[in-house]
Amino acid sequence: GQELARVPMQGVSMMVAGYGVLGVIQGIVITRAFIVLLGLLMLKRHAGLHIDLRTGLQAAPGLARRSVPFLMMTIANTGYWAANTLMLSKLGTVADVGVYNAAWRVTDIFKNLFFSYLIVLLPLMSVAFARSLDALKHRCNISIKYLTIITVPTAAGLSVLAPRLVRLIYGH
C-alpha cells in the first residue's frame, strides 16, 4: 500500500523539480533496470544462476525482430486510449473526463482478470493440442462456454450498474 502511494508522489516531485514527463519516464526506466540487475545478482548469489552473455547476445537480434509487432500493438493501444481521454477533454468538462477515467479503471480490473485467464489457458490449450485436435476443440468449446457464461452477465451488470459502482468506489 505505501509503495503504491509513494510512486505517484515521486513522479509529482520530479515534475515540480522541473524534470518534466521525460525525466519521470527516465527515472522509472532507470529504477526498473536497477531492480532487474539487483534481482539477477541475488539469483546468482542465492540460487547459483549462471547467465551466458554470449548466448543471450546472439539471440537478442532475433528476439528484437520478433518483438516488434508486440511493441507496435502496445504503442497503438496506448495511443488509442490516450486519444479517448484527449478527445473527451476537448469536448467535455474536467468532471466528465474524471468520471470517464474512474469508470475506465473499474473496467481495467475486469480486463486484467480476463488476461490472467488467457495466461492460464495457453498451457492448457498447448497440452490439449499436443494430445489431439479433438482434445483442443473440446477445451476451446468449454473455454468459450464458460467465458460466455461469466462475461456476458458481468458486462451487462457493469453497464447497468456503472453509475452506482463509480459513486460507490470513488465517492459522490
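S.K.: With reference to specific residues and values, describe the layout of surface pockets.
M.R.: Put simply, the largest pocket is a space of about 340 Å³. Forming the boundary of the largest pocket are 14 residues, of which Phe110, Phe114, Ile150, Thr151 and Thr154 lie nearest the centre. Sort the elements by how many residues they give to the lining of the largest pocket and helix α5 (residues 133-170) lands first, with 8 residues. Residues belonging to the lining of the largest pocket are distributed by class as follows: 9 nonpolar, 4 polar and 1 charged.

S.K.: Can you explain α5? Please cite residues and give values.
M.R.: Here α5 is 38 residues long, yet its end C-alpha atoms lie only 48 Å apart, well below the 56 Å a rise of 1.5 Å per residue gives. Residue leucine 161 marks the point of greatest curvature in α5, where the axis turns by about 70 degrees; the proline proline 163 follows within four residues. When we look at burial in α5, the residues that qualify are Leu136, Ser143, Leu147, Leu158 and Val166. On the buried face of α5, the contacting elements are α4 (94-131).

S.K.: Please give an account of the packing of α4 against α5 that cites residues and values.
M.R.: Running from amino to carboxyl end, α4 crosses α5 at an angle of 170 degrees, the nearest separation of the two axes being 10 Å. When the axis of α4 is compared with that of α5, the two are roughly antiparallel. Residues belonging to the contact of α4 with α5 are distributed by class as follows: 19 nonpolar, 2 polar and 3 charged.

S.K.: Now, about the packing of helix α3 (residues 53-91) against α4: what can you tell me, with residues and values included?
M.R.: At their nearest, the axes of α3 and α4 sit 9 Å apart, and the two run at 155 degrees to each other. By the angle between their axes, α3 is roughly antiparallel relative to α4. The element α3 and its partner α4 pack so that their crossing is right-handed. Together, Trp81, Asn84, Thr85, Leu88 and Ser89 of α3 and Asp96, Val97, Tyr100, Asn101 and Trp104 of α4 make up the contact between the two elements. Residues that form the contact of α3 with α4 fall into these classes: 5 nonpolar, 4 polar and 1 charged.

The rules behind the values
Along each chain, numbering runs from 1 in the same order as the chain's sequence is written. Reporting in this predicted model follows two pLDDT cut-offs: at least 70 for local features of residues, and 80 or more for side-chain atom pairs to be given and counted; totals over whole chains, interfaces and linings ignore these cut-offs and use all residues. Based on all heavy atoms of the structure, the side-chain values leave hydrogens and waters out of the count. Only protein atoms enter the 1 Å grid used here, on which a cavity is any set of points holding a 1.4 Å probe that cannot leave and a pocket is any open set flanked by protein within 12 Å on both sides along at least five of seven lines; residues with an atom within 4 Å of a point are listed as lining. Grid points are joined across faces, edges and corners, and a volume is the space filled by probe spheres set on the points. Each helix corresponds to a stretch of at least 4 residues labelled H or I by DSSP, and each strand to a stretch of at least 2 residues labelled E; elements are numbered beginning at the N terminus. Residues are grouped as follows: Ala, Val, Leu, Ile, Met, Phe, Trp, Tyr, Cys and Pro are nonpolar; Asp, Glu, Lys and Arg are charged; all remaining types, including Gly, are polar. Between the first and last residue of a helix there are one fewer steps than residues, each counted as 1.5 Å, and that sum is the expected span. Bend at a given residue is defined as the angle between two axes, one fitted to the seven residues that end at that position and one fitted to the seven that begin there. Type-normalised accessible area, obtained with a 1.4 Å probe on protein chains alone, sets the label of each residue: buried when under 20%, exposed when over 50%, and partly exposed for intermediate values. By definition, residues are in contact when any of their heavy atoms lie within 4.5 Å. Fitted lines through C-alpha atoms give the axes, limited to the stretch in contact for helices. The angle between two N-to-C directions lies from 0 to 180 degrees. The labels follow the angle: roughly parallel below 35 degrees, roughly antiparallel above 145, roughly perpendicular from 65 to 115, and oblique for the rest. The crossing is said to be left-handed when, going from far helix to near helix, the turn is anticlockwise and less than a right angle, and right-handed when the turn is clockwise.

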